[in-house]
Amino acid sequence: MSKIKCQCGHDNPFGTVLCERCGRPLTEEAKKSEVVDMRYEGSARRSQTYKRSIIDKVWNFFSSVKVGVGIILAVLVTSAIGTLFPQKFYVPVNQNSGAELLAYYERLYGFVGTLYYKLGFYDMYNSWWFKTLIGMLGTSIIIASVDRVIPLYKSLKKQRTKRHSSFMRRQRIYGEGQSVDADTSLAKAEEKLKSMKYNIKTEDGAILAEKYRFSRWGPYVNHTGLIIFLFGVLLRGIPGFYVDETMWIREGELRAIPGAPNYYLESKDFIIETYSKEEADEVFGQAIDRVGTIVKTYQTDVSLYKKKEDSLPGSTDLEHIKDYPIIVNKPLKFDGYNIFQMDYRLNELKSMTMQLIEKETGKSFGQFTINLDEPEGVYELNDGARVDLIGYYADYDGVEDGEPVSKSPIPNNPAFIFNMITPEKPQGEKSFVAIRQTLETEENAYQVKFVSAETRDISGLTIRKDKTLYILLLGGIIFMIGVIQGSYWNHRRIWIQKGEGNQLLLAAHTNKNWFSLKKELDAVKDFANLPSYEDRQDNESSTEEEEGEK
Amino acid sequence: MGLAALSANLLLVAFIAYLVATLFFGGAVKGAKSEASYRNHRWGNVGITITIIGFVTHLGYFITRWMASGHAPVSNMFEFTTAFGMMLVGAFILLFFMYRTPSLGLFALPIAVIIIGYASMFPREITPLIPALQSYWLTIHVITAALGEAILAISAVAGLIYLLKHVDLTKKSKERFWLEAVMFTVVLVLGFVVSSTTFKMTGYEAHFTYIDKNEMPAKIEYNYPPLFGMNGYEIQSPEAMEPLVEMPAVINAKTLTTFVWSVLTGIVLYLILRLIFRRPLAALFQPFAKKANSQLMDEIGYRSVLIGFPVFTLGALIFAMIWAHEAWSRFWGWDPKEVWALITWLFYAAFLHLRLSKGWEGKKSAWLAVIGFVIIMFNLIAVNLIIAGLHSYA
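Note that this is a predicted model, so its numbers are computed, not measured. (Residues numbered from 1 in each chain as written. Chains lettered and ligands numbered in written order. Predicted model: local features only at pLDDT ≥ 70, side-chain atom pairs only at ≥ 80, totals over all residues.)

**Student:** What am I meant to see in the overall build of chain A here?
**Tutor:** The helix and strand tally for chain A stands at 13 helices and 24 strands. Its C-alpha radius of gyration of 40 Å places chain A more than 25% over the 24 Å reference for a compact globule of 550 residues. When the backbone C-alpha atoms are referred to their principal axes, chain A occupies close to 135 × 60 × 60 Å. In chain A, buried positions account for 31% of the 550 residues. A sequence separation of at least 24 residues applies to 59% of the contacts in chain A between residues at least 6 apart. (Helix = DSSP H or I, 4+ residues; strand = E, 2+ residues; numbered from the N terminus. Rg over C-alpha atoms; globule rule 2.2 N^0.38 Å. Buried ≥ 20, exposed ≤ 12 C-beta atoms within 10 Å, placed from the backbone. Contact = placed C-beta atoms within 7 Å.)

Here it is in C-alpha cells:
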C-alpha cells in the first residue's frame, strides 16, 4: 500500500487520518470536521484500513468495540439467566442422573423448570455456548488491543512539538488571540507548566506540554492481565495442574488421601460447637435468643502421614508429618495441597453392644460388642455359650426373595443373623435381629438383646491442589495495575505556539477528565497572559459566566 | 451506656445530620442563580459541614459497634447496608471537594437516608460470626466491595441529576416514563420502611408451620398480616388472619407478603404525593436539578465510575476470590451473589467501553449509570432475599 505524503513532508502509513508529525488532517472527513476525533491520535489502524480478505474480516469483527460490548452483554445476560434457578451443582440429587435432575426442576418449578432443564440452562456455565462466548471475549480482547496499541504507540512517539494550525483549530479546547509579548508569554507558560509537572518540549516558537502519557497504556495492561487470567483458567483442564477430590473420614479412621498419592490422613475427632448464652459475649445474647443456635466451629482434628520413601510398594510404613485442627477458613496445607472442612455427619453407628439371655429366667451369658466396620464371626461368652454372626446387613432395607438386603455399606440401620450356641442347645438357635425387631423361624429359648451403641462423627473434606492459582493471581495483579494506571491518571497535552506577529494559539487535549485540564489551563493562562479559550463541548459554562457578570 | 447502645445512638445522630444537611444543600441550590455562583455559597458550606459531622458520627457508630462485637460490622443485612450508606456519604464528600457542587449533596444525601432507613428494617442485634465468616477477609473483602459500590452509586446520583435536567417533562416520552419509574421505585422503598415500621410498632406476629422445598416440615414467623401462605401451611397463632392464597414450595410466601405490603403502601404514598403536588415527582425535583452544570454532572458521573471500578474489582472480585478459596475451597463457584458481582463488573466494563470508544456521553451515559445502580441494588436486595445462595447471611 502506498504511503500518504503530508504537506509537511512526512510519509504516513496508509489509512492515517491525522499526520503523525504535524497533525494536519489528511482525509476529507477530517478536513471538514470542526473538532477532530483524537481517539488513537488519528493513526492508521489495521481494522480501519484493510477490509478485503477473510482474515481482514475476522480481524475487523473482533477489533470492533461494538462487537466487544455485544459479547460482554451476551455473557452478562447468559450469566444472569443462570442464576434464575439453582445450577445443577447446587441441586441435592444424583448429579449423573438426567431423569432425577429433570424431575427436580419439574417438581419445584413446573413447566418453566422443565424448559430450563431442556434448554441446558441448568448447567449454564459448563455449556459449550457459554465457553464459546468466553473464548470470543478473549479473542476480542487480544485483537482489539493489538489493533489499537501499536499505532497509538507509534504516533505518540512520532508526534512533533510544532503542530499545524489546522490541527490546533480542530481541538476541543482551542483559543487564539493577540498577546502583548508572545515570547515572554511562552517563557512564562513554560515555567508554570513545569511547576505543574508537565514535560515540556519546545520547537521554533511552539511548546508541547505533556504529562501522564503512561495512563494511555492502562487499558492494554489490564487487558493483558485479563488474558493471563483466562489462560490460567484454560490450564486447569490439563491433568496435574488441578486436583479436586472429596473424602469422608470417620473419627478414628486412617485413609489414603484421594488425589494426593502417598499421603494418609487420620481423623482424631470431629467437633461442632455452638455459641451458648453463658459463654458468648453478652452483646450476642439477643441474637442467640432470636435465632436459637448459632454454630461457632466446625473442626476436624487430624494427623497427616506420608508413606516412607524407602518402603516397599504396597506396604503402609507411615511417617507422621503433623497434627492439625482443620476448621472452616483454615485449611490444612502441605506440598501444594489444601484440605478444607466442608461437611459433616453426626452420630454414625460405630459399634453395638449386645447380650445373650435366656428368655425364661432372664439369665445373662455376658455382653459382646460388634464392631460395625469389621464384625467378627464368633463371640465367645461365659459358661461355654457363644454367638456366631452368620449374616450382617449394614443398611437393612427389608427382605427380597426371602433374603434380607442392605442398600449401602454404611451402618445406618444394621441388622444381624445370629446363631446362638448354648450348653443346652449345642446345635444353636437362629435369630434375625434388627433395630427394634427380632424374628425367629421357630420359638427360641435364648435371645440376643441390644444393650447399647457407640457412635462417631464423620467429616466431609475437600482436597484441592491448584497450580494455576499463581497464574490467576498474576493476571489479577496485572489487571489491577492496568486499570488503576488508566483510571486514576489521565494523559494531558497542551500546545501553545506563536502565529503571525504577536498572535498566540492555544489548544489542549486529554483522554478524560476535562474539568481538571481546564483548571490547570486556567492557571497557566492567568500566569502567562495567554488568550482565552473555549471548550466546544460545554456551552453552559460560558453562558453561565456571562449571566453571573450581569 | 454500653458500647452497643452508644453505637445505636450515633447512627441516629448521623441519620438526622444527613436529613438536616439535605435541607441546607436545598437552600444552597435554591438560593443561587447558577452553578458558577453557588459554588462558594454559605448554605452549601453549612451543608457540607453538617454532612461531615454526620459522617464522623456514622463512622463512630461503625467503630463502636466493631468494638462491641469484636468483628467488622458488615456481617449481616443491617450492618452491610448501613456501612454502604456510610460509604456513599464518604464518596459524596470526596467528590464534593473535587467539584464543589451542592446539587450532588441535595440528591446523594436523601438516598443515603433512605438506605439507612431500609437497613434499619432488618434485625439489628449484634450477631456472633458463623464459621464461614470467621476470617480477616470478611473485613477486607466486604469493606472494599461496599466502598466500590458506593463510589459507583455516586455516578447514578450525578446521572439522575443530569436526566432530571435534560429530560423534557412537558412531552410524553419513554424517557419521561422511565425517569418517573425511578422516582416511583424510591417511593416503593419508602413504602417498605413505612409498612414495616407500622407493623413492628403494633407488634404483629403470626406463626405457621409449612412444608419446605425439600419436602421437610418447617416453621416460619410473619411480621406482616399474611397475604400469601407458605406451601402446605398451618396456622399456629389462633388470632392470625387466614392467608388469601397458598404458594408453591419454591416461593417464599413470607418474602412475597412483605413485598406486596411494601408495594401497596408505596402506591398509596405515591398517590398521596401526586394528589398533594398535582404533578409527577420528576417534575417536582426538576427545578433543583436545572441549575446543575451538565458537563460537570456528566464528568462526575464518569469520574466516579473511573474511581469506583478498580475499587469494586479489587473488593468484589479479587479479594472475593482469594477468600472464597480459603473458605469454600474454590475461588469461583457460580454462586448467585458471585455471578451478580460479575454481572455488575461486566456492566460497568461495557459502560466504560461505550463511553471511551463509542462516545456515549450525556443522557446515554447517565441512563447507564442509573441502570448500574439498579444492578447493584438488585444484588444487595433481590439476590439476598429471593435467590439466596451461600451469601444469604441476612
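Having seen it, we continue.
**Student:** When you look at the overall build of chain B in this model, what are you seeing that I'm missing?
**Tutor:** What chain B contains, in helices and strands, is 13 helices and five strands. Rg of the C-alpha trace for chain B: 22 Å, near the compact-globule value of 21 Å for 394 residues, within the 12% margin. Counting only C-alpha atoms and orienting by the principal axes, one finds that chain B spans roughly 65 × 50 × 50 Å. Taken across its 394 residues, chain B has 49% of its residues classed as buried. Expressed as a percentage of contacts within chain B between residues at least 6 apart in sequence, the contacts between residues at least 24 apart total 77%.

**Student:** Hey, could you run me through the interface of chain B and chain A in this one?
**Tutor:** Interfaces are frequently sized by the accessible area removed from exposure as the parts join. Opposite the 54 residues of chain B that make contact, chain A presents 55 residues. The leading source of residues in the side of chain B that touches chain A is helix α10 (residues 294–328) of chain B, at 15 residues.

**Student:** Could you clarify how one ought to interpret the environment of W59 of chain A in this entry?
**Tutor:** All names here are of chain A. Along the polypeptide, W59 turns up in helix α3 (residues 54–63). Overall, the presence of 19 C-beta atoms within 10 Å leaves W59 in the partly exposed class. Once the C-alpha coordinates of W59 and A144 are considered, the two residues, 85 residues apart in sequence, prove to be 8.4 Å apart. Excluding residues within four positions of it along the chain, W59 makes contact with R46, S47 and I143.

**Student:** I would appreciate a short explanation of the pairing of strand β1 (residues 206–211) of chain B in the present structure.
**Tutor:** Along any regular strand, the residues point their side chains to alternate faces of the sheet. Here β1 of chain B shows a clear split, with A206, F208 and Y210 of chain B buried on one side and none of H207, T209 and I211 of chain B buried on the other. Counted between consecutive antiparallel strands, the loop separating β1 of chain B from strand β2 (residues 217–222) of chain B contains five residues, among which E215 of chain B sits at a positive phi close to 60°. (Pairing = 2+ DSSP bridges.)

**Student:** Even after reading the chapter, I still don't get the nonpolar core, so can you show me in this structure?
**Tutor:** Generally speaking, soluble globular proteins have nonpolar side chains that are buried together. If you look at the biggest cluster of nonpolar residues, it comprises 157 residues, and the most contacted ones within it are L88, A108, A112, A146, V157 and I161 of chain B. Setting aside residues no more than four positions away along its own chain, A112 of chain B makes contact with Y18, G85, L88 and V89 of chain B. Residues F368, Y379, I421 and V448 of chain A belong to the second largest nonpolar core, which totals 19 residues. (Core = buried A, V, L, I, M, F, W, Y, C linked by C-beta atoms within 7 Å.)

**Student:** For this particular structure, what's the right way to read the domain arrangement of chain B?
**Tutor:** Residues and elements named next belong to chain B. Domain annotation for chain B reports domain 1 (3–169 + 286–387) and domain 2 (190–279). For domain 1 versus domain 2, the separation of C-alpha centres amounts to 29 Å. Domain 1 puts six residues into the contact, and the matching count from domain 2 is five residues. Broken down by secondary-structure element, the contributors of at least two residues to the side of domain 1 that touches domain 2 are α5 (102–119) and α13 (382–387). Along the lines of polarity and charge, the residues of the side of domain 1 that touches domain 2 split into five nonpolar, one polar and no charged. (Domains from an automatic or database assignment. Nonpolar A, V, L, I, M, F, W, Y, C, P; charged D, E, K, R; others polar.)

**Student:** Looking at this structure, how should I read unusual backbone geometry?
**Tutor:** Negative phi characterises most residues that are not glycine, and trans characterises most peptide bonds. Residue and element names in this part refer to chain A. The phi torsion at N329 lies on the positive side, around 80°, for a residue other than glycine. You can see N329 is positioned in the loop between β10 (318–327) and β11 (332–334). We classify N329 as partly exposed; it has 18 C-beta atoms within 10 Å. Of note, D335 is a non-glycine position whose phi angle comes to about 45°, a positive value. With respect to the secondary-structure elements, D335 resides in the loop between β11 and β12 (337–358). Among the residues examined, D335 registers 11 C-beta atoms within 10 Å and is labelled exposed.

**Student:** Got a minute to help me understand the sheet that holds strand β4 (residues 234–235) of chain B in this structure?
**Tutor:** In any sheet, the strands associate via hydrogen bonds between backbone groups, in a parallel or an antiparallel arrangement. Residue and element names in this part refer to chain B. One open sheet accounts for three strands, arranged β2-β1-β4; its pairing is antiparallel. Unpaired on one side and paired on the other, β2 and β4 mark the two borders of the sheet. Bridge count between β1 and β4: two bridges; the pairing is antiparallel. Its bridge partner being in β4, F208 is matched across the sheet by I235.

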